[in-house]
Amino acid sequence: MAVTGDSELEWAIQTLVKNYDRYSGKGCCCRRRRGISKSDFRKMLSHELNHMLTDTKNRQAADKLICDLDENQDGEINFDEYWNLIGGIASPISCLIRQQEESEKFKK
C-alpha cells in the first residue's frame, strides 16, 4: 500500500491501519472478525505498546482498558475504538513534546 514519496503522516496512518488489521485478523481467510478480540488486544498491548503504557502484561489492567474502550460493549475493539486508544496515547505525548521544545528554547 505504501507509495514512494509518502509523507511521514501518511506512512504513520498506514502503519496504524496495518497494525489494527494484523490484530483483528483481517486479511486472513480463516478469521473473519469485525474487531480485535480481548486476547488479541492483550497481545497487541504487550507487543506494540509496552514502552508507552504501563501494566501491558497485567491481564486485569488490559481487561479494564478493553472495557473502557469497548463503547458498544460487543466484546471486541472495532477500528473507531482502536482509534480512540491511539488518540488517548498521542495526546499526552504531544504535550510532553511541546514541553520539551519550550524547555529547549529557554536553554538557548
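Residues numbered from 1 in each chain as written. Predicted model: local features only at pLDDT ≥ 70, side-chain atom pairs only at ≥ 80, totals over all residues. Heavy atoms only, no water.

An unreviewed UniProt entry lists the protein under the name Protein S100, with Thamnophis sirtalis as the source organism.

### Re the UniProt feature "domain: EF-hand" (unreviewed entry) in the protein
Mapped onto this structure's residue numbering, the UniProt feature "domain: EF-hand" (unreviewed entry) falls at residues 57–92. End C-alpha to end C-alpha, residues 57–92 measures 21 Å, and it is 69% helix and 0% strand. (UniProt positions renumbered as here; feature names shortened; annotations may be inferred. Helix = DSSP H or I, 4+ residues; strand = E, 2+ residues; numbered from the N terminus.)

### Details of the packing of helix H2 (residues 38–48) against helix H3 (residues 59–69)
Taken N-terminus to C-terminus, the directions of H2 and H3 make an angle of 115°; their axes are 10 Å apart at the nearest point. Our classification of the angle between H2 and H3 gives roughly perpendicular. Once H2 is placed against H3, the crossing between them reads as right-handed. Residue-level inspection shows Lys-38, Phe-41, Arg-42 and Leu-45 of H2 in contact with H3, the latter providing Arg-59, Ala-62, Asp-63, Leu-65, Ile-66 and Leu-69. The class makeup of the residues in the contact of H2 with H3 is 6 nonpolar, no polar and 4 charged. (Axes fitted to C-alpha atoms, helices over the stretch in contact; angles between N-to-C directions. Parallel < 35°, antiparallel > 145°, perpendicular 65-115°, else oblique. Left-handed = near helix turned anticlockwise from the far one by under 90°. Contact = heavy atoms within 4.5 Å. Nonpolar A, V, L, I, M, F, W, Y, C, P; charged D, E, K, R; others polar.)

### Remarks on the environment of Gln-73
With respect to the element layout, Gln-73 can be found in the loop between H3 and helix H4 (79–107). You can call Gln-73 exposed: its relative accessible area is 57%. A polar contact of 2.6 Å, which involves the side chain of Gln-73, links it to the backbone oxygen of Asp-70. (Buried < 20%, exposed > 50% of the residue type's maximum accessible area, 1.4 Å probe, protein only. Polar contact = N/O pair within 3.5 Å; in protein donor to acceptor, adjacent residues only side chain to side chain.)

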